[in-house]
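# Commentary on secondary and tertiary structure
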Amino acid sequence: MGLSKLDVLYRRLLLTKFFIRGWGKPEDLKRIFEFRKIIGNREKCQHLVPKDYPVYVDTVEEQTDCKILDGHFTSPLVHYVPDVMPNETVVARFQFIVPKEWKSKYRPVCIHLAGTGDHYYWRRRTLMARPMLKEAGIASLLLENPYYGCRKPKDQLRSSLKNVSDLFVMGGALVLETAALLYWLEREGYGPLGMTGISMGGHMASLAVTNWPKPIPLVPCLSWSTASGVFTTGVLSKAVNWRELEKQYFTQTVYEDEILHLLEYCGADSFKMGQDFVKNSPRSVDSLTHLKLAASLFRLNSTQDQLSPDPLQTASSSDNSFMFHGDSKVPYIGQAMTAGVSNHQKREDTKKTEALQMESWLFMKGVMDECTHVGNFSGMSFVLPHCPENSHFHPVSSTGPKSN
């Protein structure tokens, strides 16, 4: 399925590249993948955050129709994967919008997770929280994503994550941070509790509820079952810095020798099945028009220069069997023969380049599925919506976790 007109328009608005520094530190990726096995197991993950995990309210602002509380707490992820989070992301911050008077004996609260590019709280507060408060009397808690808003690293440009591993750190942090907030809301007497999010926010909300030990309403909007599609075939694939990713993948053997073996279930399946598909259908590479990268990345230009000598020099080589100086056709014969060899070598180099590009592309799909596919989170039972996988919206839709 091709990109929609909306996808094309959205991409034109993106002025920066994602993952400009590549995959991230190999040692960080390995630790993240190992920790994914823990948070992907509901029985293990639901005990990672204590029920009395400390959450602090910093300010309370009285408005005409509501109260707005601003608070913070330390992200639980730092206790399990130390030093993987940039300093700016360690302190989780949130805004809590509650009515001055509740309309019933219940005090319902919905946690809203941010979508791509949704920095700070204004958008969610204006478009979601205030209407829910006015129309249904439901309070809203807005959690700031790591790498966004007040949690954005100083050297990060807009919403463009610098490393592929940053997306996985964001997801792991949000899973644990959401659990801390749900426990805090219960302690404060709020309920029933629910979760929602748009685009990436719906994706993250779906993963977060997998490890909540109680039934909980979940409404993920414009999301899918995995983040791999949007970065490999969707509109954000055109914003990915493929050149740097490929260079790192093929110059550092740790990715293929060590990290690849850590992929399990969805990640391993997507990588291996993709490899088999490419081997059996080599022409499928042609459909990946967005992966037309410079051959010089793999030093193929220098190879071609060495294998493609000047035709006139070839014609005047030491092979005297082709040297009839009186015949003006001889240089053209030599040129034609050399051109044939050169074109053949160029075709071989092109095939090699495409194969290398495809393997890096498959590795991206594998690591994305490993950390984001709902099939890797045991608490999730889900139904996929009718939504194009290559939409620019981040993936995942689910009906929520299975109850105990």
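These notes cover the structure that comes with them. Remember, it's a predicted structure, so these values are computed and weren't measured experimentally.

Criteria and cut-off values
Residues numbered from 1 in each chain as written. Predicted model: local features only at pLDDT ≥ 70, side-chain atom pairs only at ≥ 80, totals over all residues. Heavy atoms only, no water. Core = buried A, V, L, I, M, F, W, Y, C linked by side-chain atoms within 4.5 Å. Buried < 20%, exposed > 50% of the residue type's maximum accessible area, 1.4 Å probe, protein only. Helix = DSSP H or I, 4+ residues; strand = E, 2+ residues; numbered from the N terminus. Contact = heavy atoms within 4.5 Å. Pairing = 2+ DSSP bridges. Right-handed = clockwise from strand over helix to strand, strands pointing away. Expected span 1.5 Å × (residues − 1). Bend = angle between axes of the 7 residues up to and from the residue. Phe/Tyr/Trp six-rings, centres within 6.5 Å; stacked < 30°, edge-to-face > 60°. Lys NZ or Arg CZ within 6 Å of the ring centre and 35° of its normal.

Trp23, Phe33, Phe96 and Phe168 are the most contacted members of the largest nonpolar core, which totals 86 residues. Top contributing element to this core by residue count: helix α5 (residues 164-187), with 16 residues. In this view, Phe33 contacts Phe168, Ile259, Leu262, Leu263, Val367, Glu370 and Cys371; residues no more than four positions away in its chain are not counted. In terms of nonpolar packing, the next biggest core, distinct from the first, is built from seven residues, Cys66, Ile97, Leu133 and Leu142 among them.

To continue, consider the pairing of strand β6 (residues 193-198). For β6, the tally of buried residues reaches five of six residues, placing the bulk of the element in the interior. When strand β4 (residues 109-113) meets β6, the two strands line up parallel, connected through five bridges. Each residue of the ladder has a partner; that of Val109, found in β6, is Leu193. In this sheet, strand β7 (residues 218-221) lies alongside β6 in parallel orientation, the contact comprising four bridges. For Thr196, the partnering residue across the bridge sits in β7 and is Val219. Traced from β6 through helix α6 (residues 200-209) to β7, the parallel crossover comes out right-handed.

Next up on the list: helix α4 (residues 122-136). Here α4 spans 20 Å end to end across 15 residues, near enough to the 21 Å set by a 1.5 Å rise per residue. Helix geometry: α4 is bent most strongly at Ala129, by close to 35 degrees, with proline Pro131 lying one to four residues after it. Along α4, the residues that are buried comprise Arg124, Arg125, Ala129 and Leu133. Elements that come into contact with the buried residues of α4 comprise β2 (66-74), β3 (91-99), β4 and β5 (139-143). Looking one or two places after α4, you find Gly137, whose phi comes out positive at around 70 degrees.

Time to look at the packing of aromatic side chains. Throughout the structure, instances matching the rule amount to 18 aromatic pairs. With a centroid separation of 6.0 Å and 25 degrees between ring planes, the pair formed by Phe35 and Tyr80 is classed as stacked. In this pair, Phe35 is assigned in helix α2 (residues 26-39) and Tyr80 in the loop between β2 and β3, connecting sequence segments 45 residues apart. One aromatic cluster is present, built from ring pairs that chain together Tyr53, Phe73, Phe94, Phe96, Trp102, Trp184 and Tyr190. Residue placement shows Arg107 over the ring face of Tyr190; its charged tip is 4.1 Å from the ring centre.

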